[in-house]
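Letter by letter, the chains look like this.
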Amino acid sequence: MDSIQALKTRRSVRAYTGDPVSREVIEDIIDCGRLAATANNLQPWEFVAVTDRRMLRAIAESTDYGGFIAQAAVCVVVLCKNTKYYLEDGCNASQNILVAARAHGLGGCWVAGDKKPYAEKVRRMVGAPEGYKLISLLALGHPVEELQTEKRPLSEVLHWERF
Ligand SMILES: Cc1cc2nc3c(=O)[nH]c(=O)nc-3n(C[C@H](O)[C@H](O)[C@H](O)COP(=O)(O)O)c2cc1C
């Protein structure tokens, strides 16, 4: 799948077959996160790839809208040092990871991290040092279904020269 197709067809997938995803594919997907743009090239992130089923369940139970993490093949926990643009940087990496997963034929869904009451708990669960911010929990796996979320049309959101 080329990158334009991956970008245009990515949608949140919250149901997974249970089939594993190879370490090689997980590494390639996270490598795409690693290469995202960051303010001042600070690259303030760390990625924790969680595949242990008990840990996946524990993370899922800590969230409010991420119960499906328990069934994912992997949950990529994206954390950033508390830099000025940590949120923008971490979100950039998160989106790259979701698009890369799509390009590998996988489904994924972003579960909120930053500003959530469980952020500190999850940080401790994965052993990240104090001061790191939880950006996102990215559930990935082989998709059970393809969903088509409604999107606002380009003609409505694109303004040439002025709003
Ligand atoms: C910052 C952020 C937080 C999100 N948090 C959750 C979440 O906690 N649980 C969930 O099921 N989906 C979550 N999502 C996924 C959105 O619900 C989804 O992206 C949106 O409905 C648009 O659908 P699409 O991803 O298929 O385009 C989150 C997405 C973003 C960008």
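Report follows, based on the coordinates. Since we're looking at a predicted model, the values are computed, not measured.

What follows is about the packing of aromatic side chains. Counted under the stated rule, the structure contains one aromatic pair. Centroid distance W45 to F47: 5.9 Å. Interplanar angle 35 degrees. Geometry classified as tilted. W45 gets classed as buried once you look at its relative accessible area, which sits at 6%.

For the rest of this paragraph, the subject is unusual backbone geometry. With a phi angle near 45 degrees, Q43 is a residue other than glycine that sits in the positive phi range. Inspection of the secondary structure assignment puts Q43 in the loop between helix 2 (23-34) and strand 1 (45-50). You can call Q43 partly exposed: its relative accessible area is 37%. The backbone phi angle of K115 is positive, close to 75 degrees, even though this residue is not glycine. Residue class for K115 comes out exposed when judged on its relative accessible area of 71%.

In this section: helix 4 (residues 86-103). Here helix 4 is 18 residues long and its end C-alpha atoms lie 26 Å apart, about the 26 Å a rise of 1.5 Å per residue gives. Residues Y86, D89, G90, A93, S94, I97, L98, V99, A100, A101 and R102 constitute the buried set of helix 4. Residues of helix 4 that are buried in the fold lie against helix 1 (3-9), helix 2, strand 1, strand 2 (74-80), strand 3 (107-112) and strand 4 (133-141). Among the residues trailing helix 4, G105 stands out with phi positive, at a value near 80 degrees.

Right, let's talk about the pattern of salt bridges for a bit. For the structure on display, the rule yields six salt bridges. Residue D31 is joined to R34 by a salt bridge in which the shortest nitrogen-to-oxygen separation is 2.5 Å. You can see D31 and its partner R34 sitting in helix 2, three residues apart, about one turn around the helix. Note on R34: relative accessible area 42%, which makes it partly exposed. The shortest N-O distance in the salt bridge between R102 and E146 comes to 3.2 Å. With R102 in helix 4 and E146 in the loop between strand 4 and helix 6 (154-157), this residue pair connects regions lying 44 residues apart in the sequence. Its relative accessible area of 14% is what places R102 among the buried residues.

About the criteria used
- Residues numbered from 1 in each chain as written.
- Predicted model: local features only at pLDDT ≥ 70, side-chain atom pairs only at ≥ 80, totals over all residues.
- Heavy atoms only, no water.
- Phe/Tyr/Trp six-rings, centres within 6.5 Å; stacked < 30°, edge-to-face > 60°.
- Buried < 20%, exposed > 50% of the residue type's maximum accessible area, 1.4 Å probe, protein only.
- Helix = DSSP H or I, 4+ residues; strand = E, 2+ residues; numbered from the N terminus.
- Expected span 1.5 Å × (residues − 1).
- Contact = heavy atoms within 4.5 Å.
- Salt bridge = Lys/Arg side-chain N within 4 Å of Asp/Glu carboxyl O.

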